[in-house]
Amino acid sequence: MSDRPAILFVCLGNICRSPLAEAALRAAAARHGIGIEADSAGTGGWHVGEAPDLRAQDIALRHGIDISGYRARQLERADFDRFSHIVALDHDNLAVLKRLRPSGARAELSLLLDHVPGRSGQPVADPYYGASEGFATTWADVTAGAEGLLAKIAGLA
């Protein structure tokens with residue numbers, strides 16, 4: 001286990017919001033020269049092994065990030081000790097995380113937008129069932145959340 005921050009983003013299927021949040025955090029950390037470990041997972045296992053939704057790949061590429069190599073995985077019990085922070089993208093997934101979190105686990109749980117001033121308690125909307133434009137909104141939200149989270153864990157705030 002590394003001393004550097006290890007962040008896991010969690011949504012339902014791990015093909016839209018959480019891989020975008022992972023990509024946004026990796027990009028922010030690179031911009032600031034901060035070493036982190038980042039990953040993403042889903043509470044459900046429907047998409048295990050699949051690449052992110054093509055609309056998620058498209059919005060990431062528009063921002064210079066290729067996530068086509070990411071593969072969906074399901075949250076595991078060991079994640080609660082592997083990661084220092086497990087960040088849910090909405091309330092339902094946060095509730096699942098709280099239910100599954102083993103007693104004494106090291107991971108700190110939060111909602112992504114809790115790390116954005118004025119957005120605490122807000123979920124990142126799930127763009128999966130909507131039009132492609134929803135992915136632009138999701139990207140804006142996960143980018144703001146990633147910057148806020150990075151500021152907190154790296155002491156930049």
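Residues numbered from 1 in each chain as written. Predicted model: local features only at pLDDT ≥ 70, side-chain atom pairs only at ≥ 80, totals over all residues. Heavy atoms only, no water.

(A) Looking closely at the packing of helix H2 (residues 54-62) against helix H5 (residues 133-153). Taken N-terminus to C-terminus, the directions of H2 and H5 make an angle of 55°; their axes are 9 Å apart at the nearest point. Our classification of the angle between H2 and H5 gives oblique. H5 is crossed by H2, and the crossing has right-handed handedness. Counted together, Arg55, Ala56 and Ile59 of H2 and Phe135, Ala136 and Trp139 of H5 form the full contact between these two elements. Residue composition of the contact of H2 with H5, by class: 5 nonpolar, no polar and 1 charged. (Axes fitted to C-alpha atoms, helices over the stretch in contact; angles between N-to-C directions. Helix = DSSP H or I, 4+ residues; strand = E, 2+ residues; numbered from the N terminus. Parallel < 35°, antiparallel > 145°, perpendicular 65-115°, else oblique. Left-handed = near helix turned anticlockwise from the far one by under 90°. Contact = heavy atoms within 4.5 Å. Nonpolar A, V, L, I, M, F, W, Y, C, P; charged D, E, K, R; others polar.)

(B) A look at the nonpolar core. Phe9, Leu20 and Val142 are the most contacted members of the largest nonpolar core, which totals 34 residues. Elements with a minimum of two residues in this core: strand S1 (6-11), helix H1 (17-32), H2 and H5. Apart from the residues within four sequence positions on either side, Val142 is in contact with Arg17, Leu20, Ala21, Ala24, Leu89, Leu112 and Val124. One finds Ala41, Phe80, Phe83 and Ala105 within the second-largest nonpolar core, a separate group that totals 14 residues. (Core = buried A, V, L, I, M, F, W, Y, C linked by side-chain atoms within 4.5 Å. Buried < 20%, exposed > 50% of the residue type's maximum accessible area, 1.4 Å probe, protein only.)

(C) Geometry of the sheet that holds strand S2 (residues 37-42). Ordered by their spatial adjacency, 4 strands build an open sheet running S2-S1-S3-S4, and the pairing between neighbours is parallel. Of all the strands in the sheet, just S2 and strand S4 (108-111) have a single pairing partner and so form its edges. Neighbour-to-neighbour, the strand axes of the sheet open up by a mean angle of 25°, direction not taken into account. Where S1 and S2 come together, 6 bridges link them in parallel fashion. If you follow Val10 over to S2, its bridge partner there is Ala41. Here H5 sits on the sheet and contacts S1, strand S3 (85-88) and S4; the angle it forms with S1, its principal contact strand, is near 150°. (Pairing = 2+ DSSP bridges.)

Remember, this is a structural readout, not a statement about activity or role.
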